[in-house]
Amino acid sequence: MGSYLIKRVASLIPILFGISVLIFTILHLVPGDPASIMLGTNATPEAIAALNKSMGLDQPLINQYLNWITGILQGNFGVSVHTGEEILPQILKRFAITMQLTVFGVLIGWVLAIPFGILSAIRAHSKTDIVVRVFTLLGISVPNFAIGTLLLLGFSLYFNWFPPIDVVNFWEDPIEAFKVFILPATTMGIVVAAGVMRMTRSAFLETMDKDFIRTARAKGNSKWTIVMGHAFRNSSIPIVTIAGMQIGYLLGGSVIVEQLFSIPGLGQYILEGIYQRDYPVVQGGVLFVALVFVLVNLLIDLIYTWIDPRIKY
Amino acid sequence: MKKRVLAGFFLSLSLVLSACSGGGTAPTEQGKSAEGQAKTELIVAAEQEPVGYDPHKVPAASSLRVYALIYDSLTKLDENMNIVPNLAEKWEIAPDGKTVTMFLQKGVKFHNGKDMTAEDVKFSFERIMNPDTGSIAKSYFSSVEAIEVKDPTTVVFKLKNADASFVANTASAYASIVPAGSTDLTKEAIGTGPFKMEKSESGQYVLLKKNPEYFNKELPKVESIKFQIMKDEAERLAAIRSGKVDISMVSADSAKLLEGKPGVQIKNYQSLEYSYLGINVNKKPFDNPKVREAISYAVDRNQIIQTVWKGEATLTGPIAPALTNSALDPATYPTYKTDVEKAKQLLAEAGYPNGFETQIETAATYPDMVETAQVIQQQLKAIGINAKINQLEWGNYIDTWKSKDMNLMVGRNTSGVDADRSMRFFFSTTGSANVWNYSNPAYDELVQKALTTVDQSERKKLYDEAQTMLVADAPNLFLASPKNYYAVRDNIDFTPTAAGEVYSLIKTSIK
């Protein structure tokens, strides 16, 4: 286990290095440079040149990459070419917001998904099951920007209620933070719930068919003990897998929800960076998301061994 | 046991991470106005995040709307687009037009308490003109030879040649007066303007507080302005309807949706922008003037106004109609009459009786540009020109625009506040924004002469002639000048004008 952990952590280094080269190359291949985007069709060629020079973008690409990567190794993500702000504090601050949103979203999703998923499995083909299955189908097929827009407009039109606009730290004012995050987190939660619910249902259906469940039944255990004591743990590997993947995707991919509800999270930060060709912001942001993604995956792998002792590394 | 610890770690990780969030604390009392207390803060929805506040370097509209409230320029435009005093209380132009003397307001202070003097003006303009600054306004002041400080409140601009647009250009927010000795204006913004920078929370809002020492004692009328960053139009609509924001710019379509809704009024004004179809006059077959003329006859501008702008736009020439003093009535242009037969005949004369294939580049970022391109595509089909539309992402669009190598391109220009910009900057042979390779010595001569003519009626004649020449040569087809729309809460006294949002915000009050 210990050596496995060391091996996994060590393997992150080439992965992150590869990502850094890839993102740098792709980003610099994309047409458009920050200076001409900033100046738009107001630009004079000399103004563009002067601006690029002041941002250090007149240097050869290889030098730019080396400067960037040596900075990163020293914990210096550089400054945004657009606003002159330090990038690392921004990434951390915005990641914390995205994390808050993700945690809310995932919690809402799981609270909906797991009980209803189990219910629809043990009452397969009942009315409850049909309702759950229709919900999962809708949750998976309706895009989250549509859900978000409907929630936003619905609440403001019919209840004249609009979530507070400024993001609040959960620990400073939980109620206000809850109000800020409730609509965006529900938007994400519905999508999360649909996936997890489906997985829970099919995992449970499969487990309930196993011999040990029959044995448990034969021993005269109550339904509750069978479901929670025997089936739950044995069904949770696929559920944890999909839930883990969702956390990873949500952390990097909450862009649309953040954009829709003006949540200044990491996704929005990177997206804005892409529009503006703010190279250091995009590079640093993507590298950070990649790091989080692989760490979440590592954690999921470790949780497997806890759930199922037969899994050994 | 170990496993429990692991699970506990996983769960608490999320909580710890959200705990370390700087998250931003909610500004107190914003918009909520405590019981019995009058609301004094104006909340404006901003579609884009500001990208720094250096008025000489940052042209982004999202930044300009903020720094133009913090800084002042020497002159400004009133609601009728006339140039009126601002930091300069008056000015004198020598008879030969080569010397402009600006007399500054007395007793104006920067936000840091320092007096604003002629030295600051000299410093600001020299900073703009220094190529290392990379200032956007540098080309506005290319005629300036030297700046002299006569006394603390008098500055003399010596020009290489008479420049009739000089005073108008000093009204630009890009020509704001900054404190002498400023080096890095990216983050800290210290001006003489009606508002001071209070707080800027990246990704969330910018808060400005009233400058109590503003030289115009009557203004501004609100205590603070908060620009709330809301990138999504649906969110802005929901926010204005539920009263979370007071003012929001909205699209023409959304304006229609909001009309007659309780608590909200829609206000509009004729913008200084116009849409165009750009034509690369170096590319075959567009190097043939007859082909360009044919395209002009084939395009029905009124249909574009109806389809793209739902009738809420005005026909335009090279100068947007909002610049009433300079713009020529489009009815005077013969090629503005749609005549498909004549267009076909011209095309045949040019050697293309069966038309040809080409492509139109446009920016996917702006739905109106895409729609305009689609309407034109249909109209050109009628004379046998088959155009493919290429929707480009903004960065790519700018690159294509700069390349001077496109065929046809749909875009939008801002006329600027002086005819010189609309004409020379975009279409003279050496004009910085002339990417159409248009070069006509007679046109160059006209606009250069207009620039150095001080007599206004003489100048107007020259520009009339230049506009007619430009429309006939058609390096661009000038299409429509749209209106801009604001949704405004009922209790807000806000009147937008072409002079700009900033001008209107300073005068805004809360009822």
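Counting starts from 1 at the beginning of each chain's written sequence and moves along it residue by residue. Going through the entries in the order they are written, you letter the chains from A and number the ligands from 1. Local features in this predicted model are restricted to residues of pLDDT 70 or higher, and side-chain atom pairs are both shown and tallied only at a pLDDT of 80 or more, whereas totals for entire chains, interfaces and linings draw on every residue. To obtain the side-chain values, all non-hydrogen atoms of the structure were included, while hydrogens and water were left out.

**Looking at the overall build of chain B**
Then, number 1: A helix here means a DSSP run of H or I that spans at least four residues, while a strand means a run of E at least two residues long, and both kinds are numbered starting from the N terminus. What chain B contains, in helices and strands, is 15 helices and 21 strands.
Then, number 2: What you see for chain B is a C-alpha radius of gyration of 26 Å, in line with the 24 Å of a compact globule of 511 residues.
Then, number 3: Note on classification: 1.4 Å probe, protein chains only; a residue is buried when its accessible area is under 20% of the maximum for its type, exposed when over 50%, partly exposed between these limits. Counting over 511 residues, chain B shows a buried share of 56%.
Then, number 4: Residue pairs in contact within chain B that sit at least 24 positions apart in sequence constitute 69% of those at least 6 positions apart.
Then, number 5: Carbon and sulfur atoms make up 50% of the accessible area of chain B, which totals about 20,300 Å². Every radius of gyration here is taken over C-alpha atoms, with the globule rule written as 2.2 Å times N^0.38, N being the number of residues. Pairs of residues are marked as contacts when any of their non-hydrogen atoms sit within 4.5 Å. Note that accessible areas follow from Shrake-Rupley with a 1.4 Å probe, and for residues the cover is restricted to the protein chains shown.

**Notes on the sheet that holds strand 4 (residues 88–93) of chain B**
Residue and element names in this part refer to chain B.
Then, number 1: Taken in spatial order, the four strands of this open sheet run 4-5-7-6, and their pairing is antiparallel. Looking along the sheet, the strands with just one partner apiece sit at the ends: strand 4 and strand 6 (144–151). Each adjacent strand pair in this sheet contributes to an overall mean axis angle of 20°, direction not counted.
Then, number 2: Lines fitted to C-alpha atoms define the axes, with helix axes restricted to the stretch in contact, and inter-axis angles between N-to-C directions lie between 0 and 180 degrees. Contacts from helix 3 (residues 118–129) reach strand 5 (99–104), strand 6 and strand 7 (154–159) within the one sheet, and its direction differs from that of strand 6 by about 165°. Only strands that DSSP links by at least two bridges are regarded as paired with each other.

**Side note on the sheet that holds strand 15 (residues 357–363) of chain B**
All names here are of chain B.
Then, number 1: Strand order in the open sheet made by the five strands is 16-15-17-13-18, with mixed pairing throughout. The outermost strands of the open sheet, each flanked by one partner alone, are strand 16 (386–392) and strand 18 (476–478). Here the strands of the sheet are splayed against their neighbours by 30° on average, with no regard to which way each runs.
Then, number 2: In this structure, strand 15 lies alongside strand 17 (residues 408–414), joined through two bridges in parallel fashion. Among the inter-strand pairings, Ile360 is bridged to a residue of strand 17, identified as Leu408.

**Thoughts on the packing of aromatic side chains**
All names here are of chain B.
Then, number 1: Two rings from Phe, Tyr or Trp (for Trp, the six-membered ring) form a pair when their centres are within 6.5 Å of each other. A pair whose planes differ by under 30 degrees is stacked, one over 60 is edge-to-face, and the rest are tilted. Scanning the entire structure with this criterion turns up 31 aromatic pairs over all chains.
Then, number 2: Taking 5.0 Å as the distance between ring centres and 55° as the angle between the ring planes, the aromatic pair formed by Phe157 and Phe166 counts as tilted. In this structure, Phe157 and Phe166 share a single accessibility class: buried.
Then, number 3: A centroid spacing of 4.9 Å and a plane angle of 45° characterise the contact between Tyr214 and Phe215, whose relative ring orientation is tilted.
Then, number 4: Residue Tyr214 is classed as buried on the basis of its relative accessible area of 4%.
Then, number 5: Three or more aromatic residues link up through ring pairs in this structure, and these residues are Tyr274, Tyr276, Phe425, Phe426, Phe427, Trp436 and Phe478.

**Thoughts on the interface of chain A and chain B**
Then, number 1: Taken together, the contacts link 60 residues of chain A with 71 residues of chain B.
Then, number 2: Summed over both partners, the accessible area (1.4 Å probe) lost when two parts come together is defined as the buried area. Around 5,500 Å² of area is buried between chain A and chain B when both sides are counted, 60% of it from carbon and sulfur atoms.
Then, number 3: The term salt bridge refers to a side-chain nitrogen of Lys or Arg lying within 4 Å of a carboxyl oxygen of Asp or Glu. The tally of links from chain A across to chain B stands at five salt bridges.
Then, number 4: A salt bridge links Glu201(B) to Lys93(A); its shortest N-O distance comes to 2.6 Å.
Then, number 5: For the purposes of these results, a polar contact is taken to be a pair of N or O atoms within 3.5 Å, where, inside protein, one atom must be able to donate a hydrogen and its partner to accept one; residues adjacent in sequence count only when each atom of the pair is a side-chain atom. The tally of links from chain A across to chain B stands at 13 residue pairs in polar contact (both at pLDDT 80 or more).

**Description of a nonpolar patch on the surface**
Then, number 1: To count toward a patch, a residue needs a relative accessible area over 30% and no salt bridge; like charges are then connected within 9 Å, while nonpolar side chains (Val, Leu, Ile, Met, Phe, Trp, Tyr) are connected within 5 Å. A surface patch of nonpolar side chains, amounting to about 330 Å² of accessible area, comprises Ile130(A), Val134(A), Leu138(A) and Val142(A).
Then, number 2: Here Val142(A) lies in the loop between helix 6 (127–141) and helix 7 (144–158).

**A closer look at unusual backbone geometry**
Then, number 1: Of note, the amide linkage connecting Leu219(B) to Pro220(B) takes the cis form, showing an omega dihedral of -10°.
Then, number 2: Within the element layout of this structure, Pro220(B) appears in the loop between strand 9 (205–210) and strand 10 (224–229).
Then, number 3: The amide bond that connects Lys284(B) to the next residue, Pro285(B), takes the cis arrangement and shows omega of -5°.
Then, number 4: The topology assignment puts Pro285(B) in the loop between strand 13 (273–279) and helix 7 (289–298).
Then, number 5: For Ser262(A), which is not glycine, the phi dihedral falls at a positive 50°.
Then, number 6: Within the secondary structure, Ser262(A) sits in the loop between helix 11 (255–260) and helix 12 (266–276).
Then, number 7: Overall, Ser262(A) belongs to the buried group, its relative accessible area being 5%.
Then, number 8: With a phi close to 55°, Arg277(A) is a non-glycine residue in the positive phi region.
Then, number 9: With respect to the helices, strands and loops of the structure, Arg277(A) is situated in the loop between helix 12 and helix 13 (279–307).
Then, number 10: Owing to a relative accessible area of 3%, Arg277(A) belongs among the buried residues under this scheme.

**Some thoughts on the nonpolar core**
For soluble globular proteins, the rule of thumb is that nonpolar side chains tend to be buried together.
Then, number 1: Core analysis: the biggest nonpolar cluster contains 220 residues, and Leu74(B), Phe125(B), Phe157(B) and Phe227(B) have the highest contact counts within it.
Then, number 2: Excluding anything up to four places from it in sequence, Phe227(B) contacts Val44(B), Ala46(B), Arg65(B), Val66(B), Leu69(B), Gln204(B), Tyr205(B), Val206(B), Leu208(B), Glu501(B) and Leu505(B).
Then, number 3: Here, nonpolar core means buried Ala, Val, Leu, Ile, Met, Phe, Trp, Tyr and Cys residues that are tied together by side-chain atoms lying within 4.5 Å of each other. Grouped together as the second largest cluster of nonpolar side chains are nine residues, Ile118(A), Ala121(A), Ile213(A) and Ile226(A) included.

**Digging into the pattern of salt bridges**
Then, number 1: With the rule as written, the count across this model stands at 30 salt bridges over all chains.
Then, number 2: Asp246(B) is the partner of Lys39(B) in a salt bridge, and the nearest nitrogen-oxygen pair spans 3.0 Å. Residue Lys39(B) is found in the loop between helix 1 (2–19) and strand 1 (41–46), and its partner Asp246(B) is found in the loop between helix 5 (233–241) and strand 11 (247–250); the two are separated by 207 residues along the sequence. Comparing Lys39(B) with Asp246(B) shows no difference in burial state: the two are buried.
Then, number 3: Between Arg127(B) and Asp54(B) there is a salt bridge; the shortest N-O distance is 2.7 Å. Of this pair, Arg127(B) sits in helix 3 while Asp54(B) sits in the loop between strand 1 and helix 2 (61–70), placing them 73 residues apart in sequence.
Then, number 4: One salt-bridge network, held together by shared partners, links Asp33(A), Asp399(B) and Lys402(B).

**Considerations on helix 13 of chain A**
Then, number 1: Between the first and last C-alpha of helix 13 of chain A there are 42 Å, a value that for 29 residues agrees with the 42 Å anticipated at 1.5 Å per step.
Then, number 2: The buried fraction of helix 13 of chain A is high, at 22 of 29 residues. The span you would expect from a helix comes to 1.5 Å times its residue count less one.

**Comments concerning helix 10 (residues 367–381) of chain B**
Note that an α-helix has 3.6 residues per turn; residues three or four places apart therefore point the same way.
Then, number 1: Compared with the 21 Å implied by 1.5 Å per residue over 15 residues, the 21 Å span of helix 10 of chain B between its first and last C-alpha is a close match.
Then, number 2: Listed in full, the buried residues belonging to helix 10 of chain B are Asp368(B), Met369(B), Val370(B), Thr372(B), Ala373(B), Val375(B), Ile376(B), Gln377(B), Gln379(B) and Leu380(B).

**Points about the pairing of strand 13 of chain B**
All names here are of chain B.
Then, number 1: Judged by how many residues are buried, strand 13 sits mostly within the fold: six of seven residues are covered.
Then, number 2: As judged from the seven bridges shared by strand 13 and strand 17, these two strands associate in the antiparallel manner. Each bridged residue has a counterpart across the sheet, and for Ser275 the counterpart in strand 17 is Arg412.
Then, number 3: Note that strand 13 and strand 18 share three bridges and pair antiparallel. In the strand pairing of strand 18, Leu277 is matched with Leu477.

**Some points on the packing of helix 6 of chain A against helix 8 (residues 174–208) of chain A**
Residues and elements named next belong to chain A.
Then, number 1: Orientation of helix 6 relative to helix 8, taken along the N-to-C sense of each, is 130°, at an axis distance of 8 Å. Here helix 6 is positioned oblique relative to helix 8, judged by the angle of their axes. Helix-helix and strand crossings are classified by hand; for helix 6 and helix 8 the assignment is left-handed. Side by side, helix 6 and helix 8 meet where Asp129, Val132, Arg133, Phe135, Thr136, Leu137, Gly139 and Ile140 of the first sit next to Ile190, Val191, Ala193, Ala194, Gly195, Met197, Arg198 and Arg201 of the second.
Then, number 2: Classes in brief: Ala, Val, Leu, Ile, Met, Phe, Trp, Tyr, Cys and Pro nonpolar; Asp, Glu, Lys and Arg charged; the others, Gly included, polar. Residues belonging to the contact of helix 6 with helix 8 are distributed by class as follows: nine nonpolar, three polar and four charged. Here the word oblique covers every angle except those under 35 degrees (roughly parallel), over 145 (roughly antiparallel) and from 65 to 115 (roughly perpendicular). Left-handed is the label given to a crossing in which the near helix is rotated counterclockwise from the far helix by less than a right angle, and right-handed is the label when the rotation is clockwise.

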